[in-house]
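# Secondary and tertiary structure notes
The lines below spell out each chain.
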Amino acid sequence: MDTMNWEGWLPREQILGEEAMSKVPKEFVVQHSTNGNPPTFFLTLDHVIRLMKEQDKLDIPYLQRLFPRLQSWYNWFNQTQDGPHPLTYRWKGRNATTDRELNPKD
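Here goes a summary of the coordinates provided. (Residues numbered from 1 in each chain as written. Predicted model: local features only at pLDDT ≥ 70, side-chain atom pairs only at ≥ 80, totals over all residues. Heavy atoms only, no water.)

### A word on the overall build of the protein chain
Our working rule: By definition, any uninterrupted DSSP run of H or I lasting at least four residues is a helix, any uninterrupted run of E lasting at least two residues is a strand, and each is numbered from the N terminus. Relative accessible area decides the class of each residue, using a 1.4 Å probe on protein chains only: under 20% of the type maximum gives buried, over 50% gives exposed, and in between gives partly exposed. Only heavy atoms enter the contact rule, under which two residues are in contact if any of them lie within 4.5 Å. Under the convention used here, a 1.4 Å probe and the Shrake-Rupley method define accessible areas, while residue burial counts only the protein chains that appear.
Of regular secondary structure, the protein chain possesses 3 helices and 0 strands. Start at the N end of the protein chain and walk to the C end: the helices and strands fall as α-α-α. Per-residue burial for the protein chain yields a buried fraction of 17% across its 106 residues. In the protein chain, the proportion of contacts linking residues at least 24 apart, taken out of those at least 6 apart, comes to 53%. For the protein chain, the exposed area adds up to about 8500 Å²; of that, 55% sits on carbon and sulfur atoms.

### With respect to the layout of surface pockets
Keep this limit in mind: The distinction between a cavity and a pocket rests on a 1 Å grid over the protein atoms alone: a 1.4 Å probe fits inside a cavity but cannot get out, while a pocket stays open yet meets protein on both sides within 12 Å along at least five of seven lines, and a residue with an atom within 4 Å of a point counts as lining. Grid points are joined across faces, edges and corners, and a volume is the space filled by probe spheres set on the points. Under the convention adopted here, Pro, Cys and the residues Ala, Val, Leu, Ile, Met, Phe, Trp and Tyr are nonpolar, Asp, Glu, Lys and Arg are charged, and Gly plus all remaining residues are polar.
A volume near 210 Å³ is recorded for the second largest pocket. Looking at the second largest pocket, it is lined by 16 residues, and the ones nearest its centre are Leu10, Pro11, Arg12, Asn37 and Trp73. Of all the elements, helix H3 (residues 60-80) adds the most residues to the lining of the second largest pocket, at 3 residues. The residue inventory of the lining of the second largest pocket, partitioned by class, reads 9 nonpolar, 6 polar and 1 charged.

### Some points on helix H2 (residues 41-54)
Which entries qualify depends on this criterion: Multiplying 1.5 Å by the helix residue count minus one yields the expected span of that helix.
In a regular helix each residue adds 1.5 Å, so 14 residues correspond to 20 Å; H2 covers 20 Å between its end C-alpha atoms and thus fits that length. Backbone geometry just after H2 places Asp56 at a positive phi near 55°.

### Focus on H3
Cut-off, in case you're wondering: Throughout, bend refers to the angle between the axes fitted to the seven residues that end at a position and the seven residues that start at it.
In a regular helix each residue adds 1.5 Å, so 21 residues correspond to 30 Å; H3 covers 30 Å between its end C-alpha atoms and thus fits that length. Bending of H3 peaks at approximately 35° at the position of Phe67, with proline Pro68 no more than four residues after it. Among the residues of H3, those classed as buried are Leu63, Leu66, Leu70, Trp73, Trp76 and Phe77. At its buried positions, H3 is contacted by H2.

### What to know about the pattern of salt bridges
Threshold: What makes a salt bridge here is a side-chain nitrogen of Lys or Arg within 4 Å of a carboxyl oxygen of Asp or Glu, nothing more.
The full count for this structure, using the stated rule, is 2 salt bridges. Residue Arg69 pairs with Asp2 through a salt bridge whose shortest N-O separation is 2.6 Å. Taken as a pair, Arg69 in helix H3 and Asp2 in the segment before helix H1 (18-22) lie far apart in primary sequence, 67 residues in all. Classification of Arg69 by relative accessible area gives partly exposed; the value is 34%. For the salt bridge of Asp46 with Arg50, the shortest nitrogen-to-oxygen distance reads 2.9 Å. A residue pair is termed a helical-turn pair when its members lie 3 or 4 positions apart in one helix, as Asp46 and Arg50 do in helix H2 at 4 residues. Judged by its relative accessible area of 37%, Asp46 is partly exposed.

Okay, here's the thing in structure tokens:
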């Protein structure tokens, strides 16, 4: 969450270090704040909160600090990744018309 920008966008991939940068195709290095990945972190967070509750170790202060960023991220999704129908999403940066590629290039 520390890499979030002021709009609530999180970088899709994080290329750390020169060695990692040398292995990434140039077209994937620059990222755009209009493109996002599905917010699977919410699934992980839900699982962690359930485990914390089961173990009676729910860290309320941590969750309270995290909440404003999660809210910003959620709002970013609703403003930038909205789909053609209410309550749907379309992950921008992907080709929505192809059925031949899992991860097509635009």
